[in-house]
Amino acid sequence: MSPYYTTDSLSHLISECLMYIDTRSDKEDIITIYDPVCGTGSLLATAGEKAKKFAIHQSNISLCGQEVSVFPYAVAKALALLSGNDESKICYGNTLTDDMFPNRHFNYILADMPLGLQWSPFKDRIEQESYDIEGRFNLGLPTTSDSQFLFIEHIISKMDPQGSRAAFITSASVLWSGTATSGESRIRRWMFEKDFVETII
């Protein structure tokens, strides 16, 4: 199975969990959906289809994503043009080091996390941002052997304070990895203290 493609069953499950309510205060607003690791865009496209139960027209659905590999990026870009509206946008680049949607927030955020992705090659840039209280990674840093928690922090930074929902697929290690004083533990504790966690499947 390609690492850039989420199976149909998982795509439908995560989209159903994410989009069972409409988060918009104004039902005329565009529905914005974001995937920071969008691969070929299959997860985004499925979410776009689910959003049609809220949107009056397909033109009210904006699909946004970012992908670090060239071929899946090209596929996702084409799929977003077919499934979303004129404001849909797929960007090429490393989400952790080059966020192509700075200062943007979204109604719905979903992701199928890359598992076991080391972030040691760009450790200096991540650590520098972690010192910024307004930065994405100020909650804590996980070990460099796995970037899943960095993507979780990134997703939290993209949630709209006025109303937003996020769902993502991870390995089970995010539930137990790290010691009591580790970055992983601090991030988990913050999420539960802020009541960000609704469901774990």
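Not measured: the values here are computed from a predicted model.

Draft legend 1. Summary view of the packing of helix α5 (residues 148-157) against helix α6 (residues 183-193). Contact geometry for α5 and α6: axes closest at 11 Å, N-to-C directions at 35°. Considering how the two elements wind past one another, α5 and α6 form a crossing that is left-handed. Residues Phe-149, Ile-152, Glu-153 and Ile-156 of α5 touch α6, and the partners they reach there are Glu-184, Ile-187, Arg-188, Trp-190 and Met-191.

Draft legend 2. A look at unusual backbone geometry. We note that Asn-103 has phi near 65°; this positive angle belongs to a residue other than glycine. Relative to the helices and strands, Asn-103 resides in the loop between β3 (89-92) and β4 (108-112). For Asp-195, which is not glycine, the phi torsion reads 60° and is therefore positive. In this structure, Asp-195 sits in the segment after α6.

Draft legend 3. Structural view of the packing of helix α1 (residues 8-18) against helix α2 (residues 42-51). The N-to-C vectors of α1 and α2 enclose an angle of 50°; their axes lie 9 Å apart at closest approach. Classified by the angle their axes make, α1 and α2 are oblique. Seen along the crossing, α1 lies across α2 with a hand that is right-handed. The segment α1 lies against α2, with Ser-11, His-12, Ile-14, Ser-15 and Glu-16 engaging Ser-42, Leu-43, Thr-46, Ala-47 and Lys-50. Its residues placed into classes, the contact of α1 with α2 shows 3 nonpolar, 5 polar and 2 charged.

Rules behind the numbers
- Residues numbered from 1 in each chain as written.
- Predicted model: local features only at pLDDT ≥ 70, side-chain atom pairs only at ≥ 80, totals over all residues.
- Heavy atoms only, no water.
- Axes fitted to C-alpha atoms, helices over the stretch in contact; angles between N-to-C directions.
- Helix = DSSP H or I, 4+ residues; strand = E, 2+ residues; numbered from the N terminus.
- Left-handed = near helix turned anticlockwise from the far one by under 90°.
- Contact = heavy atoms within 4.5 Å.
- Parallel < 35°, antiparallel > 145°, perpendicular 65-115°, else oblique.
- Nonpolar A, V, L, I, M, F, W, Y, C, P; charged D, E, K, R; others polar.

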